[in-house]
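# A look at the structure
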Amino acid sequence: MLSRNSKLVLTKIFSFFSVARGYNVFVIALAQYLSAIFILAPERRALDIILDWRLFLLVLASTFAIASGYIINNFYDAKKDIINRPKKSYLDRLVSQKTQLQVYFTLNFFSALFGLLVSWRAALFFSVYIFSIWLYSHKLKKILFIGNITASLLAVLPFFGILLYFKNFYQVIFAHATFLFLIILIREMIKDLENIEGDLSNNYQTIPVNFGENFAKKIISLLLLCTIVPVYFLINVFDVGYMDSYFYSSYILLLIFVLKLWKSEGKVDYIKLHFLLKIILLAGVICIVLIKPDVIENGQKLLLIRQ
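## Concerning the overall build of the protein chain
Within the protein chain, the regular secondary structure consists of 18 helices and zero strands. Looking at the protein chain residue by residue over its 307 residues, the buried ones come to 46%. In the protein chain, the share of contacts with a sequence separation of at least 24, taken over all contacts with a separation of at least 6, comes to 77%. In the form shown here, the protein chain has an accessible surface area of approximately 16400 Å², with 69% of it arising from carbon and sulfur atoms.

Here it is, written out as structure tokens:
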């Protein structure tokens, strides 16, 4: 049996994992590596990419910057989360704000340092990225429209950091990024519907607060319609291997999503829609391997010995 002190320590570790969104950070790191192997540098061996120490430092810098971003965002959203997520807010408060800020600055320092070990441009990129996350958390997220767009851009930017490293500006990459941006933007607006009570109490200027839920649903439906454009190019113009099956499947889920959206009337319904979008995003990360499944099936690039 664990002692009381041991249980308290484990609870605080779990609390901090919740504050820093450890699950999300891991998925983003995985997505960066899969994107590098299957999309950004398809001409390189997978083993070379995995063993690339510069890429490892860039992914590590990204994960540190993103984790610190969740921490500072949680810091500024503390009052709102008491209303929107009382149980999670209680768990997050097990780690003091002083400790959160100390870890926040430490993560930012190492993020910039790891970037500098790669190049001064990488250090500049992550420094600007860290500042942008702080600016979003402190000011921009409360501004109508700007908050949603900024949050979606910040979610996509780490992938552009990897893109700049490989310097492969294929058009297919921007089609993937556009689809990802639109889905994340839709998710941000669903979160606004989900958190309307806390946003209203803390003077957050969101679309549901200013224009009502029905107007927000119309915007979300329009954004869903816009996803047809990048998906059309990904399926009919570019070669995405077997990943086209993911896009067909995601549209079935998105159709279910929009039908459920117009029937949703409260927070519980919006939480379910938010979860459905998370499934689509996670499936998108996993299905990246379908672009070139032979890398997984045969281990062709992972096990090939240099001759």
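## Considering the nonpolar core
Membership of the largest hydrophobic core comes to 67 residues, with the highest contact counts inside it found for I190, I220 and F257. Examining the composition of this core, we find that 14 residues originate from one element, helix α10 (residues 171-194), more than from any other. Core analysis: the next-biggest nonpolar cluster, separate from the first, contains 16 residues, A67, I72, L140 and L154 among them.

## Topic: the packing of helix α4 (residues 53-76) against helix α8 (residues 120-138)
Contact geometry of α4 with α8 gives a least axis separation of 9 Å together with a crossing angle of 15 degrees. Between α4 and α8, the crossing angle belongs to the class labelled roughly parallel. Handedness of the α4/α8 crossing: right-handed. Contact with α4, carried on its side by L58, A61, S62, A65, I66, G69, I72, N73 and Y76, involves A122, F126, Y129, I130, I133, W134, Y136, S137 and H138 of α8 and no other residues of that element.

## Looking at the environment of C226
With respect to the helices, strands and loops of the structure, C226 is situated in helix α13 (residues 213-226). Along the sequence, C226 and L182 sit 44 residues apart, while their C-alpha atoms lie 7.8 Å from each other.

## A word on the side chain of K217
Looking at the element boundaries, K217 is found in helix α13. At 2.7 Å, the side chain of K217 forms a polar contact with the backbone oxygen of S264. Leave out the neighbours within four places in its chain, and K217 touches L261, W262, S264 and Y270.

## Details of unusual backbone geometry
The backbone of F145 shows a phi angle near 65 degrees, a positive value even though the residue is not glycine. Position of F145 relative to the elements: it lies in the loop between α8 and α9 (146-166). Given a relative accessible area of 37%, F145 falls into the partly exposed group.

## Describing α10
The end-to-end C-alpha distance of α10 is 35 Å, a good match for the 34 Å that 24 residues give at a rise of 1.5 Å each. Of all 24 residues making up α10, 19 are buried, and the element is well covered by its neighbours.

## Some words on the environment of T150
Looking at the secondary structure, you find T150 in helix α9. In this structure, the C-alpha to C-alpha distance between T150 and S132, residues 18 residues apart in sequence, is 8.8 Å.

## Quick word on the pattern of salt bridges
Under the counting rule described, the total for this entry stands at two salt bridges. Between E188 and K191 there is a salt bridge whose closest N-O contact spans 3.5 Å. Separated by three residues within a single helix, E188 and K191 lie in helix α10, roughly one turn from each other. Within the structure, one salt-bridge network assembled from shared partners comprises R187, E188 and K191.

## Observations regarding the packing of aromatic side chains
Tallied over the full model, the rule gives 14 aromatic pairs. Arranged with centres 6.0 Å apart and planes meeting at 35 degrees, the rings of F110 and F114 form a pair that is tilted. In this pair, F110 and F114 both sit in helix α7 (residues 97-118), four residues apart, roughly one turn of the helix. Where F211 meets F215, the ring centres are 5.0 Å apart and the plane angle is 45 degrees; that geometry is what we call tilted. Judged by its relative accessible area of 45%, F211 is partly exposed. Its relative accessible area of 33% is what places F215 among the partly exposed residues. Members of the aromatic cluster, connected to one another through ring pairs, are F64, F109, F110 and F114.

## Let's talk about the confidence of the model for the protein chain
Chain-level statistics for the protein chain give a pLDDT mean of 84 and a share of 84% at 70 or above. Taken element by element, the predicted model of the protein chain shows its lowest mean pLDDT in helix α18 (residues 300-303) (46) and its highest in α13 (94).

## Some thoughts on a nonpolar patch on the surface
Judged by side-chain polarity, F109, F110, L113, L116, L117, W120, L124 and V128 come together as a nonpolar surface patch covering roughly 790 Å² of accessible area. Taken together, the elements giving at least two residues each to the nonpolar patch come down to α7 and α8. Looking at the nonpolar patch, the element that brings in the most residues is α7, giving five residues. Along the chain, the position of F109 falls in helix α7.

## Things to note about the side chain of T206
Note that T206 resides in the loop between α11 (196-201) and α12 (207-211). Its relative accessible area of 4% is what places T206 among the buried residues. Setting aside its immediate chain neighbours within four residues, T206 contacts L144, D192 and D199.

Rules of the game
Residues numbered from 1 in each chain as written. Predicted model: local features only at pLDDT ≥ 70, side-chain atom pairs only at ≥ 80, totals over all residues. Heavy atoms only, no water. Helix = DSSP H or I, 4+ residues; strand = E, 2+ residues; numbered from the N terminus. Buried < 20%, exposed > 50% of the residue type's maximum accessible area, 1.4 Å probe, protein only. Contact = heavy atoms within 4.5 Å. Areas by Shrake-Rupley, 256 points an atom, 1.4 Å probe, with all protein chains shown as cover. Core = buried A, V, L, I, M, F, W, Y, C linked by side-chain atoms within 4.5 Å. Axes fitted to C-alpha atoms, helices over the stretch in contact; angles between N-to-C directions. Parallel < 35°, antiparallel > 145°, perpendicular 65-115°, else oblique. Left-handed = near helix turned anticlockwise from the far one by under 90°. Polar contact = N/O pair within 3.5 Å; in protein donor to acceptor, adjacent residues only side chain to side chain. Expected span 1.5 Å × (residues − 1). Salt bridge = Lys/Arg side-chain N within 4 Å of Asp/Glu carboxyl O. Phe/Tyr/Trp six-rings, centres within 6.5 Å; stacked < 30°, edge-to-face > 60°. pLDDT = per-residue confidence, 0-100. Patch = residues over 30% accessible without salt bridge, like charges linked within 9 Å, V, L, I, M, F, W, Y side chains within 5 Å.

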